[in-house]
Amino acid sequence: AVVSTQSTGISGFPEIEQKRVVQIYQPAKNVMQSGTHGSHKWRIRWDTQERYENPLMGWASTGDPLSNLQLDFSSAQAAVNYCAKYGYEYEVLEPKPVSKKRKSYGQNFAWSSHARVVTK
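Summarised in this report is the structure supplied together with it. (Residues numbered from 1 in each chain as written. Predicted model: local features only at pLDDT ≥ 70, side-chain atom pairs only at ≥ 80, totals over all residues. Heavy atoms only, no water.)

### Things to note about the pattern of salt bridges
In step 1: The final tally for this structure, using the stated rule, is 2 salt bridges.
In step 2: A salt bridge links D72 to K41; the shortest N-O distance between them is 3.6 Å. You can see D72 sitting in strand 5 (residues 70-73) and its partner K41 sitting in the loop between strand 1 (21-25) and strand 2 (42-46), a full 31 residues away along the chain.
In step 3: Classification of K41 by relative accessible area gives partly exposed; the value is 29%.
In step 4: Between D72 and R43 there is a salt bridge; the shortest N-O distance is 2.8 Å. Within this pair, whereas D72 is found in strand 5, its partner R43 is found in strand 2, the two being separated by 29 residues in sequence.
In step 5: The class of R43 is buried, set by a relative accessible area of 16%.
In step 6: A network of salt bridges, in which partner residues are shared, links K41, R43 and D72. (Salt bridge = Lys/Arg side-chain N within 4 Å of Asp/Glu carboxyl O. Helix = DSSP H or I, 4+ residues; strand = E, 2+ residues; numbered from the N terminus. Buried < 20%, exposed > 50% of the residue type's maximum accessible area, 1.4 Å probe, protein only.)

Spelled out as structure tokens, the structure:
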């Protein structure tokens, strides 16, 4: 099998668009949910360009077709391979370490002078 080291060009895609830098990152978990489903995937996004305010309604608008495009991958290496295959410059943003505090359910009802609130 022959392995090509050249990047694959995307048909009909302007070369200047392929020079844009993409960010590879791991999205944060939803703060409104306690579960971690979907937080183990990696995502790539393109830098946003050409934003302007719509003069009629005042909405934020864009003429950039890649500003709303996000691709999900199972690992950071898969995202890096995708960028290398199509010739995108990329930067990998490592996730911040999560510090989980062990807390029991009973702590919600424990008597504490710091949590004492007079209700009258």
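Once you've had a look at it, read on.
### Focus on the sheet that holds strand 6 (residues 89-92)
In step 1: A sheet is described by the order of its strands in space; here 4 strands give the open sequence 5-2-1-6, paired in mixed fashion. Two strands close off the open sheet at either side, each with one partner strand: strand 5 and strand 6. Neighbour-to-neighbour, the strand axes of this sheet turn through a mean angle of 25 degrees, independent of strand direction.
In step 2: Summarising the sheet, strand 2 and strand 5 pair through 4 bridges and their orientation is antiparallel. Of the residues in strand 5, the one forming a bridge with W42 is F73. (Pairing = 2+ DSSP bridges. Axes fitted to C-alpha atoms, helices over the stretch in contact; angles between N-to-C directions.)

### Some details on the packing of aromatic side chains
In step 1: Tallied over the full model, the rule gives 4 aromatic pairs.
In step 2: Judged by centre distance (5.4 Å) and plane angle (45 degrees), the rings of F73 and Y82 are tilted.
In step 3: What makes Y82 partly exposed here is its relative accessible area of 23%.
In step 4: Between R45 and the ring centre of Y25, over which it is positioned, the NZ or CZ distance is 4.1 Å. (Phe/Tyr/Trp six-rings, centres within 6.5 Å; stacked < 30°, edge-to-face > 60°. Lys NZ or Arg CZ within 6 Å of the ring centre and 35° of its normal.)

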